[in-house]
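Coordinates in review
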Amino acid sequence: MHLEALKEVDPKLYSLIIQEKERQMQGVELIPSENLVSQAVLEALATVPTNKYSEGYAGKRYYGGNEIIDKIELLAINRLKKLFEAEHANVQPLSGSPANMAALFAFLKPGEKFMAMRLDMGGHLTHGHKVNFSGVLFKVVHYGVDPKTELLDYDAIERLAKKEKPSLLLSGYTAYPRAIDFKRFREIADSVGAYAMADIAHIAGLCCTGMHENPVPYFDVVTTTTHKTLRGPRGAAIMCKKEFAEAIDKAVFPFLQGGPHENVIAAQAVAFKEALQPSFKRYAKQVVKNARVLAEELASLGNRIVSNGTDTHLLLVDVTSKGTTGLEAEKALEKAGIYCNKNTIPYDKRKPWDPSGIRLGTPAVTTRGMKESEMVFLAYLINRIIENPKSKAVIEKVKAEIKELCKQFPFYE
Ligand code: DSN
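A brief report on the enclosed structure follows. (Residues numbered from 1 in each chain as written. Predicted model: local features only at pLDDT ≥ 70, side-chain atom pairs only at ≥ 80, totals over all residues. Heavy atoms only, no water.)

**Regarding the pairing of strand E8 (residues 195-199)**
Operational definition: Partly exposed describes any residue whose relative accessible area lies between the buried limit of under 20% and the exposed limit of over 50%, with all areas from a 1.4 Å probe on protein chains only and scaled to the type maximum. Helical segments are the DSSP runs of H or I of at least four residues, strand segments are the runs of E of at least two, and each set is numbered from the N terminus. Note on pairing: DSSP must find at least two bridges between two strands before they are called paired. With the strands pointing away from the viewer, any crossover whose connection runs clockwise from the first strand over the helix to the second is right-handed.
Counting buried residues in E8 gives 4 out of 5 residues, a clear majority hidden from the surface. Sheet topology note: the strand E7 (residues 168-171)/E8 ladder contains 4 bridges and is parallel. Paired with Leu 170 across the two strands is Met 197, which belongs to E8. Chirality of the crossover, the property in question, places the unit of E7, helix H8 (residues 182-191) and E8 among those that are right-handed.

In structure tokens, the structure reads:
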């Protein structure tokens, strides 16, 4: 990183950024919603479009001087459309929650009903949780997973949709490890006259590479963040059918947001170009392979894996099967330089602040070049900590092993 000016102007902040870079490089990032952007994406983020106000859209801005910005934004839009075979794309949402807010408001009036997965079974706050705008401003009917298989039960979802007749059916999750049958969701939505919406924030990088079904061509609206499996800057996008383009664009601006962050949009354009390369397909394939191996190895060491496995980049481990809790495991792993997050498991008997599970994912470690053999080793180290969360000696030993492993996979030189 070339940060000479920052170092001179603000040595304190410079030092904190260097410390954070070292933390990222000396630890293993297994939070499934995180990734490591390329040097090119980082460079685009730190560029002069950050200086520009560009409320509005290409060709129709509320400020002068947007000739080049229009080209940057259109480059991002066109690359994203190509990546997902989208009819229309909006790259201005600042992050996932505003993207979902704009999409919901484009299709629903306050008080209208939509159907989505419960947060504690793998949904998201913006999928109708009562403390979130989505649960306060709309009527929400929640579905969950089957208590035995911990899988989506499409027949049960269809029965609920027929009974409740929602105006919109939302699929796509933050903690569901298995493949989603988007075609079935489209059919269910059609059978009750509901709009079909998907939030593919987690699996976008898998959807655009054929590693997961891509709902964009046949769903009414699809939201995504750009910083998870898609490996771009922290931001979001909405893709929709042409007929809904105006409603979506108006819901983002002027309804919800003001000036878009054009430096982020520039960095998105770079990430979308990267995702269009054959190497990104290989990356996504390895992400899924790594997650499968991590799940299998943890299972073979006696850990209960929710739904018995994974088809995606993430897995949920019920750590109570080893006598610890999600919070205790997360903290102990953190001390050893392994980052993950505590997570509820379906029908969790524990509370969200200290649930029964941890959520692990492979996007970031795969970006660093780790493969199946490293996943086997990581599973062994994770299991050591899960079995001994209170042992300082075990944590120190694992921390040293993690540091050694990370040295073999440098990323930002
Ligand atoms: N924070 C994201 C995640 O970790 O899945 C969802 O918003």
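Here the narrative resumes, following the displayed structure.
**Considering the site of the ligand**
Our working rule: One heavy atom suffices: a residue is near a molecule or strand as soon as one of its heavy atoms comes within 4 Å of it. In protein, a polar contact means a hydrogen-donor-capable atom and an acceptor-capable atom, both N or O and within 3.5 Å, with residues adjacent in sequence counting only if both atoms are side-chain atoms; elsewhere, any N or O pair within 3.5 Å suffices. Surface accessibility in these figures is a Shrake-Rupley result with a 1.4 Å probe; residues are shielded only by whichever protein chains are displayed. All residues other than Ala, Val, Leu, Ile, Met, Phe, Trp, Tyr, Cys, Pro, Asp, Glu, Lys and Arg, Gly among them, are scored as polar; the first ten of these are nonpolar and the last four charged.
In the vicinity of the ligand, the residues found are Ser 33, His 124, Thr 174, His 202, Lys 228 and Arg 359. Measuring from an oxygen atom of the ligand, one finds a side-chain N or O atom of His 202 at 2.7 Å. Take Arg 359: an N or O atom from its side chain is 2.7 Å from an oxygen atom of the ligand. For the ligand, whose accessible area on its own is 230 Å², the fraction buried by protein is 63%. Among the residues forming the shell around the ligand, the class breakdown is no nonpolar, 4 polar and 2 charged.

**With respect to the pairing of strand E15 (residues 357-361)**
For E15, the tally of buried residues reaches 5 of 5 residues, placing the bulk of the element in the interior. By the alternation rule, side chains of E15 split into Gly 357, Arg 359 and Gly 361 and Ile 358 and Leu 360, which are all buried. Sheet topology places strand E12 (residues 314-318) next to E15; 5 bridges connect them, and they run antiparallel. The residue of E15 that forms the bridge with Val 317 is Ile 358.

**Looking at the sheet that holds E15**
So the rule is basically this: Here, two residues are considered to be in contact whenever any of their heavy atoms come within 4.5 Å of each other. For helices, the fitted axis covers only the stretch in contact; all axes are lines through C-alpha atoms, and the angles between them, taken along N-to-C directions, range from 0 to 180 degrees.
Taking strand neighbours across the sheet as the criterion, the 4 strands line up as E11-E12-E15-E14 in an open arrangement whose pairing is antiparallel. Edge positions in the sheet fall to strand E11 (304-305) and strand E14 (341-343), since each has one partner strand and no second. In terms of strand pairing, E14 meets E15 through 3 bridges, oriented antiparallel. Bridge pairing in E15 links Asn 341 to Arg 359. Each of E11, E12 and E15 touches helix H12 (residues 278-300); the most contacted strand, E12, lies at about 15° to it.

**Re the side chain of His 88**
Tracing the chain through its elements places His 88 in strand E4 (residues 88-90). A distance of 3.0 Å separates polar atoms of two side chains, one belonging to His 88 and the other to Asp 249. Setting aside residues no more than four positions away along its own chain, His 88 makes contact with Lys 81, Ile 238, Met 239, Cys 240, Ala 245 and Asp 249.

Take it as geometry only, folks, not as evidence of what the structure does.
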